[in-house]
Amino acid sequence: MSIVTLQSVKKDFGIKELLKDASFSLDPNDKVGLIGTNGSGKSTLLKMIARLESIDSGQILVNSGAKIVYLPQQPDMDENHTVLEQVFADSGEQMNLVKEYEELSDKLAHYPDDSQLMSRLSTVMERMDATGAWEVETNAKIILTKLGIVDFDVKVGTLSGGYRKRIALAAALISEPDLLLMDEPTNHLDALSVEWLQSYLNRYRGALLLITHDRYFLDKVTNRIIEIDRGDIYNYTGNYSYYLEKKALAEESAVSTQRKHQGLLRKELEWLKKGPKARSTKQKARIDRAHALRDTEFKDINGKVDISTVGRRIGKKVIELKNVSKAYNNRTLIHDFTYEFSPEDRIGIIGGNGAGKSTLMDIMTARIKPDSGSVEIGTTIHIGYFNQHSEELLTAVNDDQRVIDYIKEEGEFIQISDGTKITASQMLERFLFPGNQQYAPINKLSGGEKRRLYLLRILISAPNVLILDEPTNDLDVQTLAVLEDYLEDFNGCVVVVSHDRYFLDRTVDRIFALEEGGGLRQYPGNYSIYLDYKKAEEAHSLRGVAIQQETQKTVIAEKVVSPVIETKKVRRLSNWERREFEELEGKIAKLEVDKTAVEKKLATMAGNFSQVQKLYEEVETLKKNIDLATERWLELAEMES
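Note that the structure is a prediction, hence the values are computed from the model and not measured.

Draft legend 1. The arrangement of the overall build of the protein chain in detail. Looking only at helices and strands, the protein chain has 22 helices and 20 strands in total. For the protein chain, the proportion of its 641 residues judged to be buried stands at 45%. For the protein chain, long-range pairs separated by at least 24 residues make up 68% of all intrachain contacts whose partners lie at least 6 apart in sequence. Entry remark: accessible area of the protein chain is about 33200 Å², with carbon and sulfur atoms responsible for 49%.

Draft legend 2. Region of the structure containing helix α16 (residues 447–460). Taking 1.5 Å of rise per residue, the 14 residues of α16 would be expected to cover 20 Å, and the 20 Å separating its terminal C-alpha atoms lies within 8% of that figure. Taking burial as the measure, the 14 residues of α16 include 13 buried ones, the bulk of the element. Where α16 terminates, the next one or two residues include A462, which has phi positive at roughly 55°.

Draft legend 3. Seen up close, the nonpolar core. Grouped together as the largest cluster of nonpolar side chains are 47 residues, with contacts concentrated most on I407, F431 and L453. The leading source of residues in this core is α16, at seven residues.

Draft legend 4. Local environment of unusual backbone geometry. Non-glycine residue E176 carries a positive phi angle of around 45°. Summarising the element assignment, E176 is placed in the loop between α6 (161–174) and β6 (179–183). With a phi close to 50°, D336 is a non-glycine residue in the positive phi region. Relative to the helices and strands, D336 is located in strand β11 (residues 331–340). Under the relative-accessibility criterion, D336 is labelled partly exposed at 42%.

Draft legend 5. Region of the structure containing the sheet that holds strand β13 (residues 372–377). Judged by pairing direction, the sheet is antiparallel, and its three strands sit side by side in the order β11-β10-β13 without closing on themselves. The outermost strands of the open sheet, each flanked by one partner alone, are β11 and β13. Going from strand to strand, the sheet's axes swing by 20° on average, the running direction of each strand aside. In the sheet, strand β10 (residues 319–328) pairs with β11 via six bridges, with the strands oriented antiparallel. Within β11, the residue paired with A327 across the bridge is T332. Strands in contact with helix α11 (residues 357–364) are β10, β11 and β13; relative to β10, the strand with the most contacts, it is inclined by about 135°.

Draft legend 6. Structural context of a negative patch on the surface. Residues E102, E103, D106, D151 and D153 make up a contiguous surface patch of negative charge. Looking at the secondary structure, you find D106 in helix α3 (residues 93–110).

Draft legend 7. Molecular detail of the sheet that holds strand β12 (residues 346–350). Reading across the sheet, the six strands line up as β14-β17-β18-β12-β19-β20 and stay open at both edges, with mixed pairing between neighbours. Every other strand in the sheet has two partners, leaving β14 (383–386) and β20 (520–524) as the edge strands with one partner each. In this sheet, adjacent strand axes meet at a mean angle of 15° when their direction is disregarded. In the sheet, β12 pairs with strand β19 (residues 510–514) via four bridges, with the strands oriented parallel.

Draft legend 8. Expanded view of the pattern of salt bridges. Enumeration according to the criterion identifies 18 salt bridges in this entry. R506 is the salt-bridge partner of E484, the closest N and O atoms lying 3.2 Å from each other. Of this pair, E484 sits in helix α17 (residues 477–489) while R506 sits in helix α18 (residues 501–507), and the two are 22 residues apart along the sequence. Of the charged contacts in the structure, one is a salt bridge between R506 and D485, with a shortest N-O distance of 2.8 Å. Linking R506 in helix α18 with D485 in helix α17, this pair joins segments that are 21 residues apart in sequence.

Draft legend 9. Here's a closer look at the confidence of the model for the protein chain. Mean pLDDT over the protein chain stands at 81; residues scoring 70 or higher make up 81%. Here residues 559–570 is modelled with pLDDT under 50, and outside its nearest four sequence neighbours on either side it reaches two contacts, counting other chains as well.

Draft legend 10. Examining the side chain of T479 more closely. Within the fold, T479 resides in helix α17. The class of T479 is buried, set by a relative accessible area of 0%. With residues up to four places along the chain from it excluded, the contact list for T479 reads V305 and R452.

Draft legend 11. The environment of A440, seen in detail. Mapped onto the secondary structure, A440 falls in the loop between α15 (435–438) and α16. You can call A440 buried: its relative accessible area is 6%. A sequence separation of 39 residues divides A440 from Q401, and the C-alpha atoms of the two residues are 8.2 Å apart. Other than its neighbours up to four places away in sequence, A440 contacts I15, Q401, R402 and V403.

Draft legend 12. Representation of the side chain of D183. Secondary-structure assignment places D183 in strand β6. With no salt bridge to any partner, buried D183 finds its closest opposite charge in K47, at an N-O distance of 6.5 Å. Not counting residues up to four positions away in its chain, the partners in contact with D183 are S43, L46, Y70, L71, P72, Q73, K165 and I211.

Draft legend 13. Geometry of helix α1 (residues 42–49). Most of α1 sits inside the fold, with six of its eight residues counted as buried. At the exit of α1 stands R51, carrying a positive phi of roughly 65°.

Draft legend 14. Focus on the pairing of β12. In terms of burial, β12 is a largely internal element, five of the five residues being buried. The side-chain alternation of β12 yields two buried faces, one formed by R346, G348 and I350 and the other by I347 and I349. Bridging between β12 and strand β18 (residues 493–497) involves four bridges; their strand directions are parallel. Among the inter-strand pairings, G348 is bridged to a residue of β18, identified as V496.

Draft legend 15. Quick peek at the packing of α6 against helix α7 (residues 191–203). It is the contact of α6 with α7, at a shortest axis distance of 13 Å, that shows an interaxial angle of 15°. As far as their axial angle goes, α7 and α6 are roughly parallel. The two elements α6 and α7 meet at a crossing, and its hand is left-handed. When α6 is examined against α7, the residues R166, L169 and L173 are found in contact with a partner set consisting of S193, W196, L197, Y200 and L201. Grouping the amino acids of the contact of α6 with α7 by side-chain chemistry returns six nonpolar, one polar and one charged.

Draft legend 16. Up close: the packing of aromatic side chains. Scanning all chains against the criterion turns up 14 aromatic pairs. Both rings, one in Y523 and one in Y530, keep their centres 5.0 Å apart while their planes meet at 80°; by these two values the pair is edge-to-face. For the residue pair Y523 and Y530, the accessibility class agrees, reading buried in each case. Judged by centre distance (5.9 Å) and plane angle (50°), the ring pair of Y523 and Y533 falls under tilted.

Quick notes on the rules
- Residues numbered from 1 in each chain as written.
- Predicted model: local features only at pLDDT ≥ 70, side-chain atom pairs only at ≥ 80, totals over all residues.
- Heavy atoms only, no water.
- Helix = DSSP H or I, 4+ residues; strand = E, 2+ residues; numbered from the N terminus.
- Buried < 20%, exposed > 50% of the residue type's maximum accessible area, 1.4 Å probe, protein only.
- Contact = heavy atoms within 4.5 Å.
- Areas by Shrake-Rupley, 256 points an atom, 1.4 Å probe, with all protein chains shown as cover.
- Expected span 1.5 Å × (residues − 1).
- Core = buried A, V, L, I, M, F, W, Y, C linked by side-chain atoms within 4.5 Å.
- Pairing = 2+ DSSP bridges.
- Axes fitted to C-alpha atoms, helices over the stretch in contact; angles between N-to-C directions.
- Patch = residues over 30% accessible without salt bridge, like charges linked within 9 Å, V, L, I, M, F, W, Y side chains within 5 Å.
- Salt bridge = Lys/Arg side-chain N within 4 Å of Asp/Glu carboxyl O.
- Lys, Arg positive; Asp, Glu negative; His and termini not counted.
- Charge placed at Lys NZ, Arg CZ, Asp CG, Glu CD.
- pLDDT = per-residue confidence, 0-100.
- Parallel < 35°, antiparallel > 145°, perpendicular 65-115°, else oblique.
- Left-handed = near helix turned anticlockwise from the far one by under 90°.
- Nonpolar A, V, L, I, M, F, W, Y, C, P; charged D, E, K, R; others polar.
- Phe/Tyr/Trp six-rings, centres within 6.5 Å; stacked < 30°, edge-to-face > 60°.

This is the structure we're talking about:
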């Protein structure tokens, strides 16, 4: 039986019709990804199902007894609650029992002989057993830890918006509803937390309806896609990859149908021009058909952002950082960093929350000064900086300004990539802002639409250096795909800060990883290649620990070994093995030299992905050969001794 069923639901905000005739249902095993361009009504649809937004007509039927939990992008919280209190805010008796248990335990620590306290604690513990409060508290702490929150007693009011979202996410997960509605759950999560959440939702027994820009996440978690396209609902049974495949086929079919329709319409119009008389039933029917063909409307199959802005010349000198350092509150974020950015650079900057990624961006763009070191920006450089707080900046400065006036500040006419000029209004239409929406105030736009408008303003300014700080937050997957194509052909330097694995894989060929203490380590290749490097480093580290532990065991064993074992005859090296042993030292040294040479070459090939991949595989092969040769040398060395 379905948990939720929508029947002919309509929603219109005046300047835009969000839903024309939405009908679909959500079943207990559904894991549904909701996609569509920003402002298409995705968040509104979640709110309608959660009974937080009204519908204009139709009906939403909810299975009686079904528990539905909604996770918004910006959850409301009691700032005086501790983290754990907020997580359990809607848990009723379980939360009260946990709080009472902790209070009684604290009192008993000071008065251990108080029999009344002991009796009350025993009663509370029995109730916790009966209601499952023990398990809920443990699960909550595990989930919070996996999401990067380890201090459960800190007040919510002292935490950033990102950490509040994590707390709300934890509360939603432990509630284990029949249907979980999630609006951008991966925003503000680092890569490790996203991977954990992905794994958790794969095991989750309830139904999901989620909005996310993370396409790897969407692909791994969902088994169905619902797309909102200009008021219409389209269902695809399969994950995101399946949706892309079927969407492409549907668009090809639509083009073919429209082409056939236009051909038939042309013939019928030519026939009508000859002035046929409707004397017979057949002729009258043909005239009626011709009029029907003429009146048939086809939806524009694109329905997606068209980025075709013009670029500008870029010189050899881009941005040079020399011995740059920056610290806040005695915590070093960037230490002695030197790098000369080139026009061809495609760099992704990663690191945990608060590691200093945005700080580095602000230093590069001269918004803040480093504590030491220097920053030089080339004279031909025009930086387009897409700030992760763009929506807030746009709202604060231009909230009542009309959309079209905001774009006209860059010019009445805008030159595009083919050299022609189009009006500001035409440019807005390419960015999916229809005519009626262009004359609305900015405060009528959704959060994602504001981000898209801000991106358009940056791109039409013709930058030759693009610095994108969390560009995937609140941008729809369609816009992201077009932006990725745009960056691929962009004639200039691109620097990206993002937690979005898919976006990094498509747009960068070098990773800068910020580390504790202000260090910044460079890795050639995209994000997936970086992960391979990290796994190889971790495996090497674990192997080193294992060898060390084995050596310690051997030393201990030698100290306690019995005299009988000590006198056991050890096999000596054969002549062939001795020759192999002598040759291995030179072989290992040569392999190390070869590996260093390939790694140096790899560092200079960042612009050629296929070559980077080939060299990376060569490095991995050399590493494997070095490990095998080293293990064999150790084995022979033990026999030689």
